[in-house]
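Single-letter residue listing:
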Amino acid sequence: MARAVAIIIARIIFSFVFFMAAGFKFADIGATAAYIAAAGFPMATFLSWVAAFFEIALALAFISGAFFTEASLLAGIYVIFLAFSFHGPSHWQQNQAEFGFFIDHFTFLAGLLFAAVHGPEKWALRRSLIK
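This is a predicted model, so every value here is computed, not measured.

Let us now look at the nonpolar core. In terms of nonpolar packing, the biggest core is built from 19 residues, with Phe 18, Leu 58, Phe 62, Ala 75, Tyr 78 and Leu 112 touching the most fellow members. Listing elements by their share of this core, those giving two or more residues are helix H1 (2-27), helix H2 (29-38), helix H3 (44-64), helix H4 (68-87) and helix H5 (97-118). The leading source of residues in this core is H4, at 7 residues.

And the structure:
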């Protein structure tokens, strides 16, 4: 039972993180677009909307357990993409805190990989397409 409770708490935390990230994007999509454009990406407004809806989809997958393994793996790829795109080595000389942000993404990746391997446990709508 302790394992199931720990995993549901982790699912809630993952879900909360992605709901919160999407909420910030929806609250000021223009600021998100400006941040994306400053990193050198084209079509920043479009990418802002894509990111926000992707984060909602991840949050729903984590909270429901539906496609949990797939969501964990996709979230891991996304988190590492964000680490390199927005906090990578080119940012470290300007602001040393960026290195900490960069490293934090790898800690998050570790949790996501652990989640992908162990699955959603009990109280999940669907376990996974990946066996």
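Continuing now.
Now for the packing of H1 against H4. Closest axis-to-axis distance for the H1/H4 pair is 13 Å, and the angle between their directions is 50°. Taken together, the axes of H1 and H4 are oblique relative to one another. For H1 against H4, the interelement crossing comes out left-handed. Every residue of H4 that contacts H1 at Arg 11, Phe 18 and Lys 25 is listed here: Phe 68, Ala 75, Tyr 78 and Val 79. Grouping the amino acids of the contact of H1 with H4 by side-chain chemistry returns 5 nonpolar, no polar and 2 charged.

With that out of the way, let us pick up the UniProt feature "transmembrane region" (unreviewed entry) in the chain. Mapped onto the present numbering, the UniProt feature "transmembrane region" (unreviewed entry) falls on residues 7-27, 33-54, 66-87 and 99-117. As annotated, residues 7-27 has a helix share of 100% and a strand share of 0%, and its two end C-alpha atoms lie 30 Å apart. In this annotation, residues 66-87 is assigned 91% helix and 0% strand; the end-to-end C-alpha distance for the span is 30 Å.

The subject of this paragraph is a nonpolar patch on the surface. Judged by side-chain polarity, Met 1, Val 5, Ile 9, Ile 13, Phe 16, Val 17, Met 20, Phe 24 and Trp 123 come together as a nonpolar surface patch covering roughly 930 Å² of accessible area. Counting through the fold element by element, Ile 13 comes out in helix H1. What makes Ile 13 partly exposed here is its relative accessible area of 49%.

On to H1. Over its 26 residues, H1 extends 37 Å from the first C-alpha to the last, a length consistent with the 38 Å expected when each residue adds 1.5 Å. If you check which residues of H1 are buried, you get Ala 4, Ile 7, Ile 8, Arg 11, Phe 14, Ser 15, Phe 18, Ala 22 and Lys 25. Contact partners of the buried residues in H1: H2, H3, H4 and H5.

Cut-off values and rules
Residues numbered from 1 in each chain as written. Predicted model: local features only at pLDDT ≥ 70, side-chain atom pairs only at ≥ 80, totals over all residues. Heavy atoms only, no water. Core = buried A, V, L, I, M, F, W, Y, C linked by side-chain atoms within 4.5 Å. Buried < 20%, exposed > 50% of the residue type's maximum accessible area, 1.4 Å probe, protein only. Helix = DSSP H or I, 4+ residues; strand = E, 2+ residues; numbered from the N terminus. Axes fitted to C-alpha atoms, helices over the stretch in contact; angles between N-to-C directions. Parallel < 35°, antiparallel > 145°, perpendicular 65-115°, else oblique. Left-handed = near helix turned anticlockwise from the far one by under 90°. Contact = heavy atoms within 4.5 Å. Nonpolar A, V, L, I, M, F, W, Y, C, P; charged D, E, K, R; others polar. UniProt positions renumbered as here; feature names shortened; annotations may be inferred. Patch = residues over 30% accessible without salt bridge, like charges linked within 9 Å, V, L, I, M, F, W, Y side chains within 5 Å. Areas by Shrake-Rupley, 256 points an atom, 1.4 Å probe, with all protein chains shown as cover. Salt bridge = Lys/Arg side-chain N within 4 Å of Asp/Glu carboxyl O. Expected span 1.5 Å × (residues − 1).

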